[in-house]
Amino acid sequence: MTATELKPPIFLIGNYRSGTTIAQKLIGLHPDIVTWYEPRTLWLYADPARRHDEFVKSDATKKVVRYIRDRFLEYQSRNGGRQVMENTPSNVLRVPLVHEIFPEAIFLYITRNPFSCISSMELKWQKPKTLKGLRRTLAVTPVTHLHYYAKDFIKQLIAKKIFRRKYTPIYGPRYKGIDRDLQEQEKLTVIARQWARGNQKAREDLARLGNGRVLSFRYEDLMQDPEPVLRRIYQHCGLDCTDEIVRTAKEMIDPGRQQKWLRLDRKELAAIIPEIRDEMQYYRYDIPQPLQ
């Protein structure tokens, strides 16, 4: 493979607040990997004005494929030709697009207990995007698309700073129908649907790629005992996992972050169980005793 060829990218697919950031950092310990943290607007190139994130195969026109692959090759070249490992949580809703653009890609899929995700997302819904986050977003955004994202940033500031609202207008994966749900449903119900619909769509779309194409793992298993999970991840990616990497990974992990969801009201949590029960059972998550 020459320096001008794109190495098969590694895509970490996982819902918002499901542990993708720490998983990406651990995988990025390998010297042959360079991580790319959430180039969100890159994946919206086909239609930045779309009100949802459910892009499909037909959105991968020749122009879109060429543009996105070129950006990946540029990133690889700027980072010493290392293999790109990318993580954008909203890609749980657009696996078909990602695969159509990168049929040679390697896929990883992480899931996390929904109550931990929902609790963390509820907090993020309260925080507007920072200037640092906006700069990172705009850095990978075509000049002709800048106004779409600047407008969203201004809306968030108005909602939080002027109207003093508890929540920002939008955060997380925008499934089809989320705008209607935001008008008709409680916030926690919307967040529960973000988790359930994002996980279900990712799971079903990844399954269509065929046996051996995707390695799935749970956040909790990675945190409890990182070595076997990390070794499976590296093996799936065709990379060696050294003892030094394992030692460093164990030092980076904080396993004591699993019960923060207890801060939320028990009745409100019990009310959203019908939204998440089926997906919970698929991923072997039990309903916690306090909510039974």
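Above this note sits the structure.
Residues numbered from 1 in each chain as written. Predicted model: local features only at pLDDT ≥ 70, side-chain atom pairs only at ≥ 80, totals over all residues. Heavy atoms only, no water.

1. Considerations on unusual backbone geometry
Then, in step 1: Here the phi dihedral of R17 falls at roughly 60°; this positive angle occurs in a residue that is not glycine.
Then, in step 2: With respect to the element layout, R17 can be found in the loop between strand 1 (10-14) and helix 1 (20-27).
Then, in step 3: For R17, a relative accessible area of 33% puts it in the partly exposed group.
Then, in step 4: Positive phi outside glycine occurs at E38, with the angle close to 50°.
Then, in step 5: Mapped onto the elements, E38 comes out in the loop between strand 2 (33-37) and helix 2 (62-78).
Then, in step 6: A relative accessible area of 24% places E38 in the partly exposed class. (Helix = DSSP H or I, 4+ residues; strand = E, 2+ residues; numbered from the N terminus. Buried < 20%, exposed > 50% of the residue type's maximum accessible area, 1.4 Å probe, protein only.)

2. Notes on the sheet that holds strand 4 (residues 106-111)
Then, in step 1: The strand order across the open sheet formed by 5 strands is 2-3-1-4-5, and the pairing between neighbours is parallel. Two strands close off the open sheet at either side, each with one partner strand: strand 2 and strand 5 (214-218). Direction aside, neighbouring strands of the sheet carry axes that sit 20° apart on average.
Then, in step 2: Bridge analysis of strand 1 against strand 3 (residues 83-87) gives 2 bridges, and the strand direction is parallel. In the sheet register, I10 faces strand 3, and the bridge partner there is M85. (Pairing = 2+ DSSP bridges. Axes fitted to C-alpha atoms, helices over the stretch in contact; angles between N-to-C directions.)

3. Brief notes about the nonpolar core
Then, in step 1: Judged by nonpolar contacts, the single largest core of 57 residues is most densely connected at F11, I13, W43, I68, F72 and F102.
Then, in step 2: Listed by contribution, the elements that provide at least two residues to this core are strand 1, strand 2, helix 2, helix 3 (95-101), strand 4, helix 4 (114-124), helix 8 (187-207) and helix 13 (273-282).
Then, in step 3: With 8 residues, helix 8 is the single largest residue contributor to this core.
Then, in step 4: Beyond its immediate chain neighbours, meaning those up to four positions away, W43 contacts F11, F55, I68, F72, E86, T88, N91, R94, L97, V98, I101 and F102.
Then, in step 5: Core analysis: the second largest hydrophobic core is formed by 27 residues, I106, F217, Y234 and V246 among them. (Core = buried A, V, L, I, M, F, W, Y, C linked by side-chain atoms within 4.5 Å. Contact = heavy atoms within 4.5 Å.)

4. Description of the pairing of strand 3
Then, in step 1: Among the 5 residues in strand 3, 5 count as buried, and that is most of the element.
Then, in step 2: Pairing geometry for strand 2 and strand 3, over 5 bridges, is parallel. From the neighbouring strand, W36 faces strand 3, where its bridge partner is E86.
Then, in step 3: Crossover strand 2 to strand 3 through helix 2 is right-handed. (Right-handed = clockwise from strand over helix to strand, strands pointing away.)

5. Some details on the environment of I13
Then, in step 1: Along the chain, the position of I13 falls in strand 1.
Then, in step 2: Taking the relative accessible area as the measure of exposure, I13 reaches 1% and is therefore buried.
Then, in step 3: Sequence-wise, I13 and S216 are 203 residues apart; in three dimensions their C-alpha atoms are separated by 9.3 Å.
Then, in step 4: Those residues in contact with I13, other than ones at most four positions away along the chain, are N91, V92, V95, F107, L108, Y109, I110, A202 and L206.

6. What to know about the side chain of D181
Then, in step 1: Tracing the backbone shows D181 in helix 7 (residues 178-184).
Then, in step 2: Judged by its relative accessible area of 2%, D181 is buried.
Then, in step 3: A polar contact is formed between the side chain of D181 and the side chain of R193, at a distance of 3.0 Å.
Then, in step 4: When sequence neighbours within four positions are dropped, the list of residues in contact with D181 reads Y175, V190, R193 and R197. (Polar contact = N/O pair within 3.5 Å; in protein donor to acceptor, adjacent residues only side chain to side chain.)

7. Comments concerning the packing of aromatic side chains
Then, in step 1: Going through the model one piece at a time under the given rule, you end up with 15 aromatic pairs.
Then, in step 2: Ring centres of Y16 and Y171 lie 5.3 Å apart, and the angle between their planes is 80°; this geometry places the pair in the edge-to-face category. Of this pair, Y16 sits in the loop between strand 1 and helix 1 while Y171 sits in the loop between helix 6 (146-162) and helix 7, placing them 155 residues apart in sequence. Accessibility classification places Y16 together with Y171 in one group, the buried group.
Then, in step 3: Ring centres of F115 and W261 lie 5.4 Å apart, and the angle between their planes is 40°; this geometry places the pair in the tilted category. Placement of F115 in helix 4 and of W261 in the loop between helix 11 (243-252) and helix 12 (266-271) is noted, with a sequence separation of 146 residues between them.
Then, in step 4: With a relative accessible area of 0%, F115 lands in the buried category.
Then, in step 5: Note on W261: relative accessible area 5%, which makes it buried.
Then, in step 6: Every member of this aromatic cluster is reached through a ring pair, and the members are F11, W36, W43, F72, Y75, F102 and F107.
Then, in step 7: Geometry around F55 places R50 over its ring, the cationic atom sitting 4.0 Å from the centre.
Then, in step 8: Taking the ring centre of Y282 as reference, the NZ or CZ of R203 above it sits at 4.0 Å. (Phe/Tyr/Trp six-rings, centres within 6.5 Å; stacked < 30°, edge-to-face > 60°. Lys NZ or Arg CZ within 6 Å of the ring centre and 35° of its normal.)

The values are spatial; any link to function lies outside them.
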